[in-house]
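# Chain and residue survey
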Amino acid sequence: MFTTGCESTRWNWLKRDTADTTKPGVAPNVKALVDYLNDNAKRVTSLKVEDLDVDATMENQSFNLRGRIYAEKPKNFRMKVTLFGKDEVDIGSNKQEFWFWALKNPDKYQYFCSHTDLNAGRVRVTLPLPIQPEWVMEAMGLGPYGPADKYQLETENQHLVRLVEKAKSPQGHPVRKVIVVNRREMKAPQPQVTAYLLLDDATGQEICSAHISSTTQDRSGAILPYRMELRMPSQKVKMALKLDGMSVNGQIAATAFQRPQMAGVEQFNLATGRTEPWVQRAGGFK
């Protein structure tokens, strides 16, 4: 459990001049904001959500999904959702690679790519899901958020500020990663961080985003999303997530983060632009 002293210093960036925080153009400095994000993230090494509720809208069709989320620093992530007990979406990442499969995707592939190829800009095709593994970890509150000098601070309005990072898409196109933060101190369930945006730098159009409407605070002191909405405008997809059954800093079996072999589904390498034979891995995640 965190101590009162640690908690009191946690909000110093918000309390340094309460009278000024409502004035347009006056905001905490970048380092203080990034320190806050990193301090929150360092309280969590792993996260399990055993009762994930998803209200999804795709192409104007709505349906409810159930699932689980497992996450473990630095790169381990798994989200698997079902509809009436049938697998619908499987997204994952480990130290070597990440993958994506969806039953409703027109191309019936399990897409995958190594982190080495992704970071080297070798992805030759458009990602079927425009969400990169590191962005998912950031949106879940696990970070890392990196040094302050990679961000610019912008004022959105008298209540919100933005931390803006210039980055590259897997295809090498300029993008902006934006973290939207409340100026005033917010206590759970009210969100301190309200949104994570991924924008096309040239047009400003939204590629994908995560909007947090409520949070929960774990015994570690970490403030984590409880209700959030993922939006992918180009795919006409929205997913409202409710993260019930959450536990923090527990042990997660390594098999949870292994890409599964799927009967009748070909594996498509996003870096080579072609299907490839399955490479056998031990274990699996059911």
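Conventions used here
- Residues numbered from 1 in each chain as written.
- Predicted model: local features only at pLDDT ≥ 70, side-chain atom pairs only at ≥ 80, totals over all residues.
- Heavy atoms only, no water.
- Helix = DSSP H or I, 4+ residues; strand = E, 2+ residues; numbered from the N terminus.
- Buried < 20%, exposed > 50% of the residue type's maximum accessible area, 1.4 Å probe, protein only.
- Contact = heavy atoms within 4.5 Å.
- Areas by Shrake-Rupley, 256 points an atom, 1.4 Å probe, with all protein chains shown as cover.
- Pairing = 2+ DSSP bridges.
- Phe/Tyr/Trp six-rings, centres within 6.5 Å; stacked < 30°, edge-to-face > 60°.
- Lys NZ or Arg CZ within 6 Å of the ring centre and 35° of its normal.
- Core = buried A, V, L, I, M, F, W, Y, C linked by side-chain atoms within 4.5 Å.
- pLDDT = per-residue confidence, 0-100.
- Salt bridge = Lys/Arg side-chain N within 4 Å of Asp/Glu carboxyl O.

### Some thoughts on the overall build of the protein
Each helix and strand in the protein was counted, giving 5 helices and 15 strands. For the protein, with 286 residues in total, the buried portion stands at 48%. For the protein, contacts bridging at least 24 residues in sequence account for 53% of all contacts bridging at least 6. Surface exposure of the protein reaches about 14000 Å², of which carbon and sulfur atoms provide 51%.

### A look at the environment of Leu127
In this structure, Leu127 sits in the loop between helix H4 (115–119) and helix H5 (133–139). What makes Leu127 buried here is its relative accessible area of 9%. Each C-alpha atom, one on Leu127 and one on Ser169, is 9.9 Å from the other, the two residues being 42 residues apart in sequence. When near neighbours in sequence (up to four residues on either side) are disregarded, Leu127 contacts Phe98, Pro170, Gln171 and Leu270.

### What about the pairing of strand E9 (residues 174–182)?
Taken across its 9 residues, E9 has 8 buried, putting it largely inside the fold. In the sheet, strand E8 (residues 160–168) pairs with E9 via 9 bridges, with the strands oriented antiparallel. Each residue of the ladder has a partner; that of Arg162, found in E9, is Val180. Hairpin remark: E8 followed by E9, antiparallel, with 5 residues in the connecting loop; positive phi at Gly172, about 90 degrees.

### Side note on the packing of aromatic side chains
Enumeration over the complete set of coordinates arrives at 3 aromatic pairs. Through a chain of ring-to-ring contacts, the aromatic side chains of Tyr109, Tyr111 and Phe268 assemble into a single cluster. For Lys104, the ring lying beneath its charged end belongs to Phe63, and the centroid distance is 4.9 Å. Of note, Arg259 hangs over the ring of Phe112, and the distance from its end group to the ring centre comes to 4.0 Å.

### A closer look at the environment of Ala167
By the element assignment, Ala167 lies in strand E8. A sequence separation of 32 residues divides Ala167 from Leu199, and the C-alpha atoms of the two residues are 9.9 Å apart. The residues touching Ala167, leaving out its near neighbours within four places in the chain, are His173, Pro174, Val175 and Lys177.

### Some thoughts on unusual backbone geometry
Across the chain, the bulk of peptide bonds are trans and the bulk of non-glycine residues have phi less than zero. That bond from Lys73 to Pro74 is cis: its omega, 5 degrees, falls within 30 degrees of zero. Among the secondary structure elements, Pro74 is positioned in the loop between strand E2 (61–72) and strand E3 (76–83). Look at Phe84: it is not a glycine, yet its phi comes out positive at around 50 degrees. Inspection of the secondary structure assignment puts Phe84 in the loop between E3 and strand E4 (86–93).

### Here's the deal with the nonpolar core
Residues Leu52, Ile179, Met228 and Leu241 are the most contacted members of the largest nonpolar core, which totals 65 residues. The element contributing the most residues to this core is helix H3 (residues 30–41), with 6 residues. Contacts of Met228, omitting those with residues within four sequence positions, involve Ala139, Met140, Ala210, His211, Ile212, Met239, Ala240, Leu241 and Leu243. Among the nonpolar cores identified, the runner-up in size contains 7 residues, and Leu160, Val164, Val180 and Leu197 belong to it.

### Things to note about the confidence of the model for the protein
Averaged over every residue, the pLDDT of the protein is 87; the share at 70 or more is 87%. This model gives residues 1–5 a pLDDT under 50, and the stretch forms 7 contacts once residues within four places in sequence are excluded. Per-residue pLDDT stays below 50 along residues 16–26; that stretch engages in 17 contacts with residues further than four places along the chain or on separate chains.

### Description of the pattern of salt bridges
The tally for this structure, following the rule as stated, stands at 19 salt bridges. The closest approach of N and O atoms between Glu156 and Arg162, which form a salt bridge, is 2.7 Å. With a relative accessible area of 21%, Arg162 lands in the partly exposed category. Several salt bridges converge on common partners, so that one network encompasses Glu134, Glu138, Lys150, Glu165 and Lys177.

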